[in-house]
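Here are the chains, one letter per residue:
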Amino acid sequence: DNPEMILIDAGYPNGEFLLIENRQPCGFDSVIPQGGLAIFHIDNFANNIRGYPAQSGWPTNGNHYQVAFLQADGTYDLEQGFDRGDRTDLFHAGGVNSIGPGGTSSGYLYPNTKAYQGGNIINTQLSISSISAAGSTMTFDVEFSVSPTSAPTSGPECASNEIDVIVSITSDRFPAETTWTIQS
């Protein structure tokens, strides 16, 4: 119920979801080097053991934090203790501007939008794309491509297996208003 964050749990098991937040270098975040979308992968049942792509058996070893910040640059610097965040960690146009089950627009397989609770990898078929330039208002597209479980035996023909989601959220809780628009 936080108007500054968007929660996406479609396709994820119970207790696992993504949170998306617009973070800009102002106020509390005045020291961040680059604004953009922060995407967090939440798993309420995670073991809270540091996990990253170069680790043996990852991601099926189940090692990950309950709150994992999906770093757009795919370097997992935070998990490896290399830094406390850098200008390539947030998603925005002119940088990494999409993430889906196959990875990011930079070509990295990780991070991605797959579920990983307990080391069980599930393709959520969730894509976040067309992320706009960093700013107080950011836009992006969300697509859920869900395949039917079986072919229909009767009834109307379906033109697509895609679900369109349009959400607009405006917050006026703080002097610097944040406006979100999700369109697909």
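Residues numbered from 1 in each chain as written. Predicted model: local features only at pLDDT ≥ 70, side-chain atom pairs only at ≥ 80, totals over all residues. Heavy atoms only, no water.

(A) Structural view of the overall build of the chain. The helix and strand tally for the chain stands at one helix and 11 strands. Going from the N terminus to the C terminus, the chain shows its helices and strands as β-β-β-β-α-β-β-β-β-β-β-β. Put simply, the chain has 184 residues, and 42% of those count as buried. Long-range pairs, those at least 24 residues apart, make up 51% of the contacts in the chain between residues at least 6 apart in sequence. Summed over its atoms, the accessible surface of the chain is roughly 10,000 Å², and 51% of this surface lies on carbon and sulfur atoms. (Helix = DSSP H or I, 4+ residues; strand = E, 2+ residues; numbered from the N terminus. Buried < 20%, exposed > 50% of the residue type's maximum accessible area, 1.4 Å probe, protein only. Contact = heavy atoms within 4.5 Å. Areas by Shrake-Rupley, 256 points an atom, 1.4 Å probe, with all protein chains shown as cover.)

(B) Looking closely at unusual backbone geometry. Along the chain, Trp 58 connects to Pro 59 via a cis peptide bond; the corresponding omega equals 10 degrees. Note that Pro 59 resides in the loop between strand S3 (36-43) and strand S4 (67-69). Cis geometry is adopted by the peptide bond preceding Pro 111, which originates at Tyr 110 and carries an omega value of 0 degrees. Mapped onto the secondary structure, Pro 111 falls in the loop between strand S6 (103-104) and strand S7 (126-129).

(C) Examining the sheet that holds strand S2 (residues 16-23) more closely. Read across the open sheet, the four strands follow the order S1-S2-S3-S4; overall the sheet is antiparallel. In this open sheet, the two edge strands, each paired with only one partner strand, are strand S1 (5-8) and S4. In this sheet, neighbouring strand axes are inclined to one another by 25 degrees on average, regardless of whether the strands run parallel or antiparallel. Two elements, S2 and S3, share eight bridges in a ladder whose sense is antiparallel. For Leu 18, the partnering residue across the bridge sits in S3 and is His 41. (Pairing = 2+ DSSP bridges. Axes fitted to C-alpha atoms, helices over the stretch in contact; angles between N-to-C directions.)

(D) Region of interest: the environment of Arg 23. Relative to the elements of secondary structure, Arg 23 occurs in strand S2. Non-local contacts of Arg 23, meaning those with residues more than four positions away in its chain, are made with Phe 28, Asp 29, Ile 32, Gly 35, Gly 36, Ala 38, Phe 40 and Leu 90. At 2.5 Å, the side chain of Arg 23 forms a polar contact with the side chain of Asp 29. (Polar contact = N/O pair within 3.5 Å; in protein donor to acceptor, adjacent residues only side chain to side chain.)

(E) Quick look at the packing of aromatic side chains. Using the criterion set out here, one finds three aromatic pairs in the structure. Here Phe 40 and Phe 69 contribute two aromatic rings whose centre-to-centre distance is 5.5 Å and whose plane-to-plane angle is 40 degrees, an arrangement assigned as tilted. Of the two residues, Phe 40 sits in strand S3 while Phe 69 sits in strand S4, which places them 29 residues apart along the sequence. Take Phe 40 and Phe 69: they sit in the same class, and that class is buried. Taking 4.9 Å as the distance between ring centres and 65 degrees as the angle between the ring planes, the aromatic pair formed by Trp 58 and Tyr 110 counts as edge-to-face. (Phe/Tyr/Trp six-rings, centres within 6.5 Å; stacked < 30°, edge-to-face > 60°.)

(F) Seen up close, the pattern of salt bridges. Scanning the entire structure with this criterion turns up two salt bridges. With its nearest N and O atoms 3.2 Å apart, the salt bridge here joins Glu 21 to Arg 23. Each of Glu 21, Arg 23 and Asp 29 takes part in a single network of salt bridges with overlapping partners. (Salt bridge = Lys/Arg side-chain N within 4 Å of Asp/Glu carboxyl O.)

(G) Structural context of the nonpolar core. In this structure, Ile 8, Ile 20, Ile 39, Phe 91, Ile 128 and Phe 140 are the most contacted members of the largest nonpolar core, which totals 20 residues. For this core, the secondary structure elements donating two or more residues are S1, S2, S3, S7 and strand S8 (137-145). If you tally residues by element for this core, the top one is S8, at four residues. Within the second largest apolar cluster, seven residues are counted, among which are Phe 17, Leu 19, Ala 38 and Phe 69. (Core = buried A, V, L, I, M, F, W, Y, C linked by side-chain atoms within 4.5 Å.)

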